[in-house]
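Working through the structure, step by step
As a plain string of letters, each chain reads:
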Amino acid sequence: VQLQASGGGLVQAGGSLRLSCLASGSISGIDSMAWYRQAPGRQRELVAVNYVGVITDYVPSVKGRFTLSRDNGKNTMYLQMNDLKPEDTATYYCKFSDSRRGTHYWGEGTQVTVSS
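Position numbers for residues count from 1 along each chain, tracking the sequence in the order it is written. Local features in this predicted model are restricted to residues whose pLDDT is 70 or higher, and side-chain atom pairs enter the listing and the counts only when it is 80 or higher, whereas totals over whole chains, interfaces and linings include all residues. Excluded from the side-chain calculation are hydrogens and water; included are all heavy atoms of the structure.

A separate point is the sheet that holds strand β3 (residues 17-24). In this analysis, strands are considered paired if DSSP registers two or more bridges between them. In this description a helix means any DSSP run of H or I spanning at least four residues, a strand means any run of E spanning at least two, and both kinds are numbered starting from the N terminus. In spatial order, the strands read β1-β3-β8-β7; together these four strands make up an open sheet with antiparallel pairing. If you trace the sheet from one side to the other, it starts and ends with β1 (2-6) and β7 (66-71), each paired once. Strand-to-strand, the axes of this sheet are offset by a mean angle of 15°, without reference to chain direction. Where β3 meets strand β8 (residues 76-81), six bridges bridge the pair, whose relative direction is antiparallel. Bridge pairing in β8 places L17 opposite M81. Note on geometry: axes are C-alpha line fits, over the in-contact stretch for helices, and angles between N-to-C directions span 0 to 180 degrees.

See below:
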C-alpha cells in the first residue's frame, strides 16, 4: 500500500482546507485510518482516527472543526479542516494500519500553514 497526501497550503486563520490521502494497492486488510500532524520542534500527534466501520475519534483541540471522512470507491481518506487556527500549523501525515499483521503505512506529509 502506498499513500499520497495532498491538499495542504497557506490559509488565513478562520479559513478551511481539505486534505486528501489517496491509497494505491490493496487496502482490504486495513482496519484503521488516521491523520497525524507534526509541528516544528514537537512530537507527531494523532489528530483523527477512523476505526473502519466502528468509530471516528478526534484530538480535543480539533473536535467540532475537523472531520475525517472516507470515499471507499476512490480509496481516499479526507480531512476537512474548518476554522483553522495558527496552532494548527504543521505537516500533516496520513496513516493506514492493518492491526492483524501489525503493519502501518505512512504517506508523505503535506504542509499546512495558518497565518494570524
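This part takes up the packing of aromatic side chains. Centre distance within 6.5 Å is the pairing criterion for rings of Phe, Tyr and Trp, where only the six-membered ring of Trp is used; planes under 30 degrees apart are then read as stacked, over 60 as edge-to-face, and the remainder as tilted. Going through the model one piece at a time under the given rule, you end up with two aromatic pairs. Chaining the aromatic ring pairs together yields one cluster made of Y36, Y93 and W106. Positioned over the ring face of Y93 is R44, at 3.7 Å from the centre of the ring. R44 extends its terminal NZ or CZ atom over the ring of W106, reaching a point 4.7 Å from the ring centre. We call a charge positioned over a ring when the NZ of a Lys or the CZ of an Arg lies within 6 Å of the ring centre and within 35 degrees of the ring normal.

Note on pairing: side chains with opposite charge can pair once their charged atoms come close. One speaks of a salt bridge when a side-chain nitrogen belonging to Lys or Arg is within 4 Å of a carboxyl oxygen belonging to Asp or Glu. Following the criterion strictly, the structure yields five salt bridges and no others. Residues E45 and R37 are paired through a salt bridge, measuring 2.6 Å at the closest nitrogen-oxygen approach. The classification of residues rests on relative accessible area computed with a 1.4 Å probe and restricted to protein chains. Under 20% of the type maximum is buried, over 50% is exposed, and intermediate values are partly exposed. When its relative accessible area of 28% is taken as the criterion, E45 is described as partly exposed. For R65, the salt bridge identified is with D88, shortest N-O distance 2.8 Å. Here R65, found in the loop between β6 (55-58) and β7, pairs with D88, found in the loop between β8 and β9 (90-98); they are 23 residues apart in sequence, far enough to count as distant. Given a relative accessible area of 1%, D88 falls into the buried group. If you follow the salt bridges from partner to partner, you end up with R37, E45, R65 and D88 in one network.

Here a cavity denotes a set of grid points, spaced 1 Å apart and computed over the protein atoms alone, in which a 1.4 Å probe fits but from which it cannot get out, and a pocket denotes an open set meeting protein on both sides within 12 Å along at least five of seven lines; residues with an atom within 4 Å of a point are reported as lining. Grid points are joined across faces, edges and corners, and a volume is the space filled by probe spheres set on the points. A complete count under the given rule lists one cavity of 30 Å³ or more for this structure. For the largest cavity, the calculated volume is near 40 Å³. Taken together, I27, M33, R70, D71, N72, N75, T76, M77 and F96 make up the full set of residues lining the largest cavity. Contributions of two or more residues to the lining of the largest cavity are made by β7 and β8. Any residue outside Ala, Val, Leu, Ile, Met, Phe, Trp, Tyr, Cys, Pro, Asp, Glu, Lys and Arg is labelled polar, Gly included; the first ten of those are nonpolar and the last four are charged. Counted by class, the lining of the largest cavity contains four nonpolar, three polar and two charged residues.

The patch calculation keeps residues exceeding 30% relative accessible area without a salt bridge and links them within 9 Å when they carry like charges or within 5 Å when they are nonpolar (Val, Leu, Ile, Met, Phe, Trp, Tyr). Note on areas: Shrake-Rupley with a 1.4 Å probe; residue coverage comes only from the protein chains shown. Among the surface-exposed residues, Y51, V54 and I55 lie close enough to one another that they form a single nonpolar patch of about 320 Å² accessible area. For Y51, the position within the fold is in strand β5 (residues 45-51). The exposure class of Y51 is partly exposed, given its relative accessible area of 41%.

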